[in-house]
Amino acid sequence: PQVEQLAGEVLPVAEVVEVAPRVELGLIARAPDYVAGLFNYRGRNLPVIDLGRLIQDRACRNSFTSRIMLVKFPLNEHDSRVLGLLAERVTETTDIDPAGFSDTGIRIDDTPYLGRVIQTEHGIIQQVNVADLLPGSVQSQLFPAETA
């Protein structure tokens with residue numbers, strides 16, 4: 001399977017709906033600091049998560065390779081919504097054999113979204129599990145009608 005690569009992390013391509021350029025985002029007042037804002041995507045306002053802030057505690061820079069990846073975020077077994085993920089250095093789609101990924105043996109409660117890793121010629125790359133990105137309390141803030 002192919003994966004979308006971003007600054008040391010990868011997402012399965014099957015979860016990516018579209019990759020958009022970084023644009024000005026609307027404010028979501030009093031949201032957690034890793035919620036970058038609202039992205040107007042084809043007439044729909046979608047929440048955007050800043051992966052730099054979430055993973056590295058540093059906001060994504062506005063650079064030439066910063067992108068908003070629109071992904072399918074599962075709300076339950078039968079329903080999903082589109083969620084934007086802001087990341088730096090989104091430069092390519094590449095084939096990586098899932099069998100090559102291995103467990104790190106490390107579990108940090110605050111980062112359930114960080115998955116298995118693989119060593120490549122570009123360094124260590126870690127999977128991002130989209131389904132585990134948002135705790136329930138943030139899901140209910142960003143998708144209140146769906147989680148009620």
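Here, the structure is the one placed above.
Residues numbered from 1 in each chain as written. Predicted model: local features only at pLDDT ≥ 70, side-chain atom pairs only at ≥ 80, totals over all residues. Heavy atoms only, no water.

## Some remarks on the overall build of the protein chain
Where we set the bar: Working definition: helices are DSSP H or I runs of at least four residues, strands are E runs of at least two. Numbering for both runs from the N terminus. A radius of gyration in this sense is built from C-alpha atoms; the matching globule rule multiplies 2.2 Å by the number of residues raised to 0.38. Residue contacts are counted whenever heavy atoms from the two residues lie within 4.5 Å of one another.
Looking only at helices and strands, the protein chain features three helices and ten strands. In sequence order, the secondary structure elements of the protein chain are arranged as β-β-β-β-β-α-β-β-β-β-β-α-α. Its C-alpha atoms give the protein chain a radius of gyration of 15 Å, within 12% of the compact-globule value 15 Å for 148 residues. For the protein chain, the share of sequence-separated contacts (at least 6 apart) that also reach a separation of at least 24 residues comes to 55%.

## Examining the pattern of salt bridges
Quick note on the threshold: What makes a salt bridge here is a side-chain nitrogen of Lys or Arg within 4 Å of a carboxyl oxygen of Asp or Glu, nothing more. Throughout this description, buried means an accessible area under 20% of the type-specific maximum (1.4 Å probe, protein chains only), exposed means over 50%, and partly exposed covers the range between.
The tally for this structure, following the rule as stated, stands at five salt bridges. For the salt bridge of R61 with E88, the shortest nitrogen-to-oxygen distance reads 2.8 Å. Taken together, the residues span a long stretch of sequence, with R61 in the loop between helix 1 (51-56) and strand 6 (67-74) and E88 in the loop between strand 7 (80-87) and strand 8 (90-95) at a distance of 27 residues. By relative accessible area, which is 6% here, E88 ends up buried. Here the salt bridges share partners, and the residues they tie into one network are R58, R61 and E88.

## What to know about the pairing of strand 5 (residues 44-50)
We apply this condition: Pairing between two strands is assigned when DSSP locates at least 2 bridges connecting them.
With five of seven residues buried, strand 5 lies mostly within the body of the structure. In the sheet, strand 4 (residues 35-41) pairs with strand 5 via six bridges, with the strands oriented antiparallel. From the neighbouring strand, L38 faces strand 5, where its bridge partner is P47. Counted between consecutive antiparallel strands, the loop separating strand 4 from strand 5 contains two residues, among which R42 sits at a positive phi close to 55°. Sheet topology note: the strand 5/strand 7 ladder contains three bridges and is parallel. Bridge pairing in strand 7 places D50 opposite L86.

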